[in-house]
Amino acid sequence: MNKDKVEIFDTTLRDGEQVPGCKLDAEQKLVIAERLEELGVDIIEAGFPISSPGDFHSVSSIAKLVKNATVCGLTRAVKKDIEVAADALKHAKKPRIHTGIGTSASHIKYKFNSNEDAIIERAVNAVKYAKTFVEDVEFFAEDAGRTDNVFLARICEELIKVGVTVLNIPDTTGYCLPEEYGAKIKYLKENVKGIHKATLSCHCHNDLGLATANSIAGVVNGARQIECTINGIGERAGNTSLEEVVMVLRQHPTLGLDTGINSKLLYDTSLMVSEKMGMMVQPNKAIVGANAFAHSSGIHQDGVIKNRETYEIIDPADVGVTESSIILTARSGRAALAYRAKIVGYELTKVQLDTVYKEFLKFADTRKEVLDNDIHQIVEISGITV
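Residues numbered from 1 in each chain as written. Predicted model: local features only at pLDDT ≥ 70, side-chain atom pairs only at ≥ 80, totals over all residues. Heavy atoms only, no water.

A. Spotlight on the pairing of strand E4 (residues 70–74). Along E4, five of the five residues are buried, which leaves the element largely enclosed by surrounding structure. Side chains Thr70, Cys72 and Leu74 of E4 all project onto a buried face; the interleaved residues Val71 and Gly73 project onto the opposite face, where all are buried too. Where strand E3 (residues 43–47) meets E4, four bridges bridge the pair, whose relative direction is parallel. Bridge pairing in E4 links Ile43 to Thr70. (Buried < 20%, exposed > 50% of the residue type's maximum accessible area, 1.4 Å probe, protein only. Helix = DSSP H or I, 4+ residues; strand = E, 2+ residues; numbered from the N terminus. Pairing = 2+ DSSP bridges.)

If you want it as structure tokens, here you go:
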């Protein structure tokens, strides 16, 4: 089956770095940018150049470093922002300016004290001005998730007329249900004249835990870019997780969609970003969490030992994890104990295993986890000579 490509727009260095305590220095940003390119990211949003001299310098340095990916700088729909971003991106082989403005009724009324016509005028002028510096211009309709679809379609159509290349439809507050977000993308595909001239992009936040689901709903309904971050870091509850959307598409080939990401680098990239940002990855995080391929239930362990696919839909090696982990706890069964005992040098017969298992349960009830060194002690207590 020929698959449509979904481009991956990584905003770890912009939206991700906005998390309190996750500030990166210039050298760390360059190391991460280099890894993102190696990972196969299509667009790297390097920062918000006008926000500080440091951010300008970082965007400029990344623009010089990156060879294959598009390098993007964020701006508001403000002339000076756009000029500064263009200057920061002047050495990029493939520069993109990402400009935009709020489009929801709430933003128009309370943030801008404005009206729909004036917002459209500002948006159009921003895109037109950005196009005088670079060919590739993306527009974000901030709070598109809560924006009326008719008005959203209207502003998108006007922007297509002035040459916008990407239309970013953010669920800025993480409010949408997947059905709603997918329907919004579908509405734009069906009701915006000239929509084929621009790429629709999903930028979803995780306030209700739906960022990945919403992004997948978006591409199923016609979007062809997902904006995401490594480990799902980002404002408040975070952004769409890069590793999750990549593997959802990879594991569901019937969708006919895929990315250019080298998934074998996902785990290592996750560790790199976690270490440099000082932001621990929760153990139960999908794909890259410490427990993503760990099994402690006896029933699950028995199944995985017999055939990995009984309880794992992803081969750990596909995301750069060496192997599945069989974690010994009081919930583990004989199969798991025999498996781990064999690894540390004990080939137990069925009778020996029954004896060792009784001692194992007594020991395990006093521990959160039974380690390899503990197995030696348990075998010794059991009086088994192996």
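Once the structure has been displayed, the description carries forward.
B. Layout of the sheet that holds E4. Within the closed barrel, the eight strands sit side by side as E2-E3-E4-E5-E6-E7-E8-E9. Their pairing is parallel. The sheet shows a mean angle of 25° between the axes of neighbouring strands, taken without regard to direction. Taken together, the three bridges between strand E8 (residues 199–204) and strand E9 (residues 225–228) define a ladder with parallel strand orientation. The residue of E9 that forms the bridge with Ser201 is Gln225. Docked against the sheet, helix H7 (residues 178–191) engages strand E7 (166–171) and E8, running at close to 160° with respect to E8. (Axes fitted to C-alpha atoms, helices over the stretch in contact; angles between N-to-C directions. Contact = heavy atoms within 4.5 Å.)

C. Just the layout of surface pockets, in detail. Of the pockets and cavities examined, the largest pocket occupies roughly 450 Å³. Every residue lining the largest pocket is counted, 25 residues in all, and those nearest its centre are Arg14, Leu74, Lys111, Phe140 and Glu142. It is strand E5 (residues 95–102) that contributes the most residues to the lining of the largest pocket, four residues altogether. Grouping the constituent residues of the lining of the largest pocket by class yields eight nonpolar, nine polar and eight charged. Here the second largest pocket is characterised by a volume of approximately 350 Å³. Taken together, 21 residues form the lining of the second largest pocket, with Asn231, Gly232, Ile233, Ala237 and Gln282 sitting closest to its centre. The class makeup of the residues in the lining of the second largest pocket is seven nonpolar, 11 polar and three charged. (1 Å grid on protein atoms, 1.4 Å probe; cavity = no way out; pocket = protein on both sides within 12 Å on 5 of 7 lines; lining within 4 Å. Points joined across faces, edges and corners; volume = space filled by probe spheres on them. Nonpolar A, V, L, I, M, F, W, Y, C, P; charged D, E, K, R; others polar.)

D. Summary view of unusual backbone geometry. Positive phi, normally seen in glycine, also occurs at Asn113, with a value near 50°. Of note, Asn113 is situated in the loop between helix H4 (105–111) and helix H5 (116–131). Classification of Asn113 by relative accessible area gives exposed; the value is 70%.

E. How the structure looks around helix H10 (residues 266–277). An ideal rise of 1.5 Å per residue puts 16 Å on 12 residues; H10 measures up with 16 Å between its terminal C-alpha atoms. Along H10, the positions that sit buried rather than exposed are Leu266, Thr269, Ser270, Met272, Val273, Ser274 and Met277. Buried positions along H10 lie against helix H1 (26–39) and helix H9 (242–251). At the C-terminal side of H10, Gly278 shows a positive phi close to 65°. (Expected span 1.5 Å × (residues − 1).)

F. Here's a closer look at the packing of aromatic side chains. As enumerated under the stated definition, the model contains three aromatic pairs in all. Here the aromatic rings of Tyr129 and Phe133 are separated by 5.2 Å at their centres, their planes lie at 90°, and the arrangement is edge-to-face. Taking the centre distance of 6.4 Å and the plane angle of 20° together, the rings of Phe139 and Phe140 count as stacked. Assessed through its relative accessible area of 12%, Phe140 is described here as buried. One cation-aromatic arrangement involves Lys79 over Tyr129; the distance from NZ or CZ to the ring centre is 4.8 Å. (Phe/Tyr/Trp six-rings, centres within 6.5 Å; stacked < 30°, edge-to-face > 60°. Lys NZ or Arg CZ within 6 Å of the ring centre and 35° of its normal.)

G. Local environment of a nonpolar patch on the surface. There is a patch of nonpolar side chains on the surface, built from Ile305, Tyr339 and Ile343 and spanning about 250 Å² of accessible area. The topology assignment puts Ile343 in helix H12 (residues 334–343). Classification of Ile343 as exposed rests on a relative accessible area of 53%. (Patch = residues over 30% accessible without salt bridge, like charges linked within 9 Å, V, L, I, M, F, W, Y side chains within 5 Å. Areas by Shrake-Rupley, 256 points an atom, 1.4 Å probe, with all protein chains shown as cover. Salt bridge = Lys/Arg side-chain N within 4 Å of Asp/Glu carboxyl O.)

H. How the structure looks around H7. With 14 residues, H7 extends 20 Å from end C-alpha to end C-alpha; this agrees with the ideal 20 Å at 1.5 Å per step. What H7 keeps buried is the set Tyr181, Gly182, Lys184, Ile185 and Leu188. Down the axis of H7, the buried side of the element spans an arc of 150°, and every buried residue falls inside it. Exposed residues on H7 whose side chains face more than 90 degrees from its buried face are Glu179 and Glu190. Looking at the buried positions of H7, the neighbouring elements they touch are helix H6 (149–161), E7, E8 and helix H8 (211–220). (Arc of directions from axis to C-beta.)

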